[in-house]
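Residue-level listing of the chains:
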Amino acid sequence: MAEPCLVLKTTLDPEVSENQSAANSEDSRVKRRLSFPSEKEISSREEPSLTYLDLSLQCLSDDSNSPQPTDEKLSATVPNGTDVSSEQREEDKENTEIHQEEQQEEEEATSCQESASERHSNTQDRDAEVVRRAKEEGCVSVIFPGPVTQDGSYRFVSEILKCVLYQRQQLPMTYEQLVFSQKRQQQRDVEDKDVVRPRKVHSADVDYKCQQTLQELEEVLHQLEVLFSLSRVPRVLLMMGGSLVLPKELYEINMEDLLLVGGEQGLRASSCLRLLFRTLFVADLLSDSRPVRLMPTTVLALAHRDCGVDWFRPKLQFKIPTRVKNQIIALATDPNVCEKQREKADWQDYVWFQAPVTIKGFSN
Amino acid sequence: MTSTLKGITLKGSAELVAEFFSFGINSILYQRGIYPPETFTRVTHYDMSLQVSTEPRLNNYLTNVVSQLKEWLFECSVQKLVLVITCLETNEVLERWQFDIECDKSAKESSSAPREKSIKTIQDEIRSVIRQITGTVTFLPLLETQCSFDLLVYTDKDLVVPDKWEESGPQIIDQSEEVRLRSFTTSIHKVSSMVAYKRTDSACST
């Protein structure tokens, strides 16, 4: 049982410096409600008087949203000089109807709460099973409630690759943050081009490695996209460190049981990605409190032998290493969905292709 | 801060945890886009790249809150820190980051010896929590409206409420989903993290 406690928050407001807050004490109660609008909000509220006005209006609207006590709903006034008994009967009838409506609402609310807590409990059970399978079997299964597009399946692989690189400490920030950071740096370099400023050797070295890693990663991502446009890709391997025969870490993205459709018929990739990454997160397959050394990452993909891809190199003799634990991320379509559309897949004509570029990774 | 040579004291533990909250809150504000990315700068701490705000007023606010939090951590009178993200327009709570804090109160005794846990190990654990905070961006619903945030501190009931603090409601999310993050411990304070977010009705909802 939770310990009894106080829930506190500070009355300080970052929109007002400490010196001003005493002077504005009358309005401080109102301002506390907003706490911290984002920067966009700050820039759109340039007039201080308008800010106070908006705040007070917000306060009022908040008050009006607060639930009314039940007693008030049942109260009814009797007009002067009218037949009290018939009025009373009307009132009683109204009150009964109101009471019945409220009972119904309460029952609905209770059943909503119950189904919400049922859902919560089901989610907890599912999460517990995900954790168990990840720990004991080294496998995370993600079941989508419908088919996906080929482009969607490419996006799953590209996002998983970026995630693995960050979570396995091969990148100091996420890919998107690195790209943003590089662009900002390039902008600064352009703006400061006439300014002579000594740059630390370490900083220049990190920038170079960052650029190199981004180039390697972007090349692999682009070529994967090309491969996905040429062939179904049922399996992708991410091999980190060591060698092709004995890597330090091995991750497989298995999409053999993913049902693919064209055009608009598939599930939205963004929804699927959320489900995928929530499941991966809960499984806690990738995070590690121990530091992980930098190591090169090689991508291999299973594709049709005649797909015509030229950047990836076929590895006809390649076999998946067995002496290292293969962490599998299995993406599949719910077998109860679209049963008739499933065809038995035949991967006999599929061979492994290896990316000729490894992603080296870097740290600060 | 008490170094690893002499072990972790209650004071050192309070400082470590308060420092985590400072960086953790900045990370959440950055990752969730509560403030624009250009108002953050990159620093290195815990042997990793972190984003911290350059907004003076926000930093002043955070400094004040974290400083008070450190006192309460030292007194072992704080139970939770909660960062609530609210839609500016509707005041609806969209996300709730909850950090549960357990304190080994035996560390308050004057005879209590420093605990033998290295700062490096603690920082490794903290690093993995912060990476997880970053990782949540991959599945948390997009915050498409302008948002504000609040920091709530759950303390022992008999605490004297200091100046510039007031009581608040818990600001719970209606119909939420939750995900637990990793925890870390200094051997005196244990911090367990979780995030609750508004359930979305997408085809792929859990």
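Keep in mind that this is a model prediction, so the values were computed, not measured.

Quick notes on the rules
- Residues numbered from 1 in each chain as written.
- Chains lettered and ligands numbered in written order.
- Predicted model: local features only at pLDDT ≥ 70, side-chain atom pairs only at ≥ 80, totals over all residues.
- Heavy atoms only, no water.
- Contact = heavy atoms within 4.5 Å.
- Buried area = accessible area lost by both parts, 1.4 Å probe.
- Salt bridge = Lys/Arg side-chain N within 4 Å of Asp/Glu carboxyl O.
- Polar contact = N/O pair within 3.5 Å; in protein donor to acceptor, adjacent residues only side chain to side chain.
- Helix = DSSP H or I, 4+ residues; strand = E, 2+ residues; numbered from the N terminus.
- Nonpolar A, V, L, I, M, F, W, Y, C, P; charged D, E, K, R; others polar.
- Pairing = 2+ DSSP bridges.
- Axes fitted to C-alpha atoms, helices over the stretch in contact; angles between N-to-C directions.
- Buried < 20%, exposed > 50% of the residue type's maximum accessible area, 1.4 Å probe, protein only.
- UniProt positions renumbered as here; feature names shortened; annotations may be inferred.
- Left-handed = near helix turned anticlockwise from the far one by under 90°.
- Expected span 1.5 Å × (residues − 1).
- Phe/Tyr/Trp six-rings, centres within 6.5 Å; stacked < 30°, edge-to-face > 60°.
- Lys NZ or Arg CZ within 6 Å of the ring centre and 35° of its normal.

Undergrad: Any chance you could break down the interface of chain B and chain A for me, citing the residues and the numbers?
TA: Contacts between the two partners involve 75 residues from chain B, matched on the other side by 59 residues from chain A. Taken together, the two surfaces of chain B and chain A that pack against each other cover about 6,200 Å², and 52% of this comes from carbon and sulfur. Between the two partners, chain B and chain A, sit three salt bridges. With its nearest N and O atoms 3.1 Å apart, the salt bridge here joins Arg278(A) to Glu177(B). Summed over the shared surface of chain B and chain A, the result is 21 residue pairs in polar contact (both at pLDDT 80 or more). Elements with a minimum of two residues in the side of chain B that touches chain A: α1 (10-31), β1 (40-45), β2 (48-53), α2 (56-75), α3 (119-135), β5 (147-156), β6 (165-167) and β7 (176-185) of chain B. The element that contributes the greatest number of residues to the side of chain B that touches chain A is β5(B), accounting for 10 residues. Partitioning the side of chain B that touches chain A into residue classes produces 30 nonpolar, 25 polar and 20 charged. Pairing between strand β1 (residues 5-10) of chain A and β5(B): four bridges, direction antiparallel. Within the sheet, the bridge partner assigned to Leu8(A) lies in β5(B) and is Val153(B).

Undergrad: Hey, could you go over the sheet that holds β5(B) for me, with residue numbers and the actual values?
TA: Strand order in the open sheet formed by seven strands is β6(B)-β1(A)-β5(B)-β3(B)-β4(B)-β8(B)-β7(B), with antiparallel pairing between adjacent strands. Pairing within the sheet leaves two strands with one partner each, and these edge strands are β6 and β7 of chain B. Averaged over all pairs of adjacent strands, the angle between their axes in this sheet comes to 25°, without regard to strand direction. Pairing of strand β4 (residues 93-103) of chain B with strand β8 (residues 189-198) of chain B involves nine bridges; the strand directions are antiparallel. Among the inter-strand pairings, Glu102(B) is bridged to a residue of β8(B), identified as Lys190(B). Each of β7 and β8 of chain B touches helix α10 (residues 269-283) of chain A; the most contacted strand, β7(B), lies at about 35° to it. Sheet contacts for α1(B): β3 (78-87), β4, β5, β7 and β8 of chain B; angle to β8(B), the most-contacted strand, approximately 20°.

Undergrad: I'd like a rundown of the sheet that holds strand β2 (residues 139-144) of chain A, residues and numbers included.
TA: Strands belonging to one sheet form pairs held by backbone hydrogen bonds; the direction of such a pair is parallel or antiparallel. All names here are of chain A. Pairing is mixed in the open sheet, where seven strands are placed in the order β2-β7-β4-β3-β5-β8-β6. Both edges of this open sheet fall to β2 and β6 (313-314), since each of them pairs with a single strand only. Alignment of β6 against strand β8 (residues 350-354), held across two bridges, turns out to be antiparallel. Within β8, the position partnered with Arg313 by the bridge is Gln354. Packed on one face of the sheet, helix α7 (residues 150-167) meets β2, β3 (235-240), β4 (249-254), β5 (297-304) and β7 (326-333) and runs near 15° to β3. Seen against the sheet, α10 touches β2 and β7 and runs at an angle of roughly 155° to β2.

Undergrad: Can you break down the environment of Ser115(A) residue by residue, with the values?
TA: Residues and elements named next belong to chain A. With respect to the helices, strands and loops of the structure, Ser115 is situated in helix α6 (residues 84-137). Given a relative accessible area of 29%, Ser115 falls into the partly exposed group. Separated by 116 residues in sequence, Ser115 and Ser231 have C-alpha atoms that sit 44 Å apart.

Undergrad: Go over unusual backbone geometry, please, and point to the residues and values.
TA: Residues and elements named next belong to chain B. Look at Tyr46: it is not a glycine, yet its phi comes out positive at around 55°. With relative accessibility at 3%, the residue Tyr46 sits in the buried group. Backbone geometry at Cys76 places phi at a positive 55°, although glycine is not the residue there. Positionally, Cys76 belongs in the loop between α2 and β3. Given the relative accessible area of 4%, Cys76 is considered buried.

Undergrad: Any chance you could break down the pattern of salt bridges for me, citing the residues and the numbers?
TA: Residue and element names in this part refer to chain A. Throughout the structure, instances matching the rule amount to 25 salt bridges over all chains. In this structure, Arg168 and Glu249 form a salt bridge, with 2.8 Å as the shortest nitrogen-oxygen distance. Taken together, the residues Arg168 in the loop between α7 and α8 (175-191) and Glu249 in strand β4 connect sequence positions 81 residues apart. Of the two residues, Arg168 and Glu249, both sit in the buried class.

Undergrad: Run through the environment of Gly308(A), naming residues and quoting values.
TA: All names here are of chain A. Positionally, Gly308 belongs in the loop between β5 and β6. Since its relative accessible area comes to 58%, Gly308 is described here as exposed. C-alpha separation for the pair Gly308 and Ser231, spaced 77 residues apart in sequence, amounts to 8.8 Å.

Undergrad: Explain the UniProt feature "domain: HORMA" (unreviewed entry) in chain B to me, and be specific about the residues and the numbers.
TA: If you check UniProt for "domain: HORMA" (unreviewed entry), the listed places come out as residues 11-195 of chain B in our numbering. Taken end to end, residues 11-195 of chain B has its terminal C-alpha atoms 28 Å apart, with 31% of it in helix and 34% in strand.

Undergrad: Please provide a residue-by-residue account of the packing of α1(B) against α2(B), values included.
TA: Residues and elements named next belong to chain B. At their nearest, the axes of α1 and α2 sit 9 Å apart, and the two run at 150° to each other. Crossing handedness for the pair α1 and α2: right-handed. Between α1, through Leu10, Lys11, Ala14, Glu15, Val17, Ala18, Phe21, Ser22, Ile25, Asn26 and Leu29, and α2, the contact on the second element is made entirely by Leu58, Leu62, Val66, Leu69, Lys70, Leu73 and Phe74. Split by residue class, the contact of α1 with α2 holds 13 nonpolar, two polar and three charged.

Undergrad: Got a sec to walk through α7(A)? Specific residues and values, please.
TA: Residue and element names in this part refer to chain A. An ideal rise of 1.5 Å per residue puts 26 Å on 18 residues; α7 measures up with 26 Å between its terminal C-alpha atoms. Along α7, 14 of the 18 residues are buried, which leaves the element largely enclosed by surrounding structure. Positive backbone phi, at 65°, marks Gln169, one or two positions downstream of α7.

Undergrad: Go over the packing of aromatic side chains with me, naming the residues and quoting the values.
TA: All names here are of chain B. Inspection of the entire model under this criterion finds 15 aromatic pairs over all chains. A ring pair is formed by Phe20 and Phe21, whose centres lie 5.4 Å apart and whose planes are at 50°; its orientation type is tilted. The two residues Phe20 and Phe21 agree in class, both being buried. Within the aromatic cluster, the residues linked to one another by ring pairs are Phe20, Phe21, Phe99 and Phe184. The residue whose ring lies beneath Lys80 is Tyr154, and the NZ or CZ to ring-centre distance is 5.4 Å.

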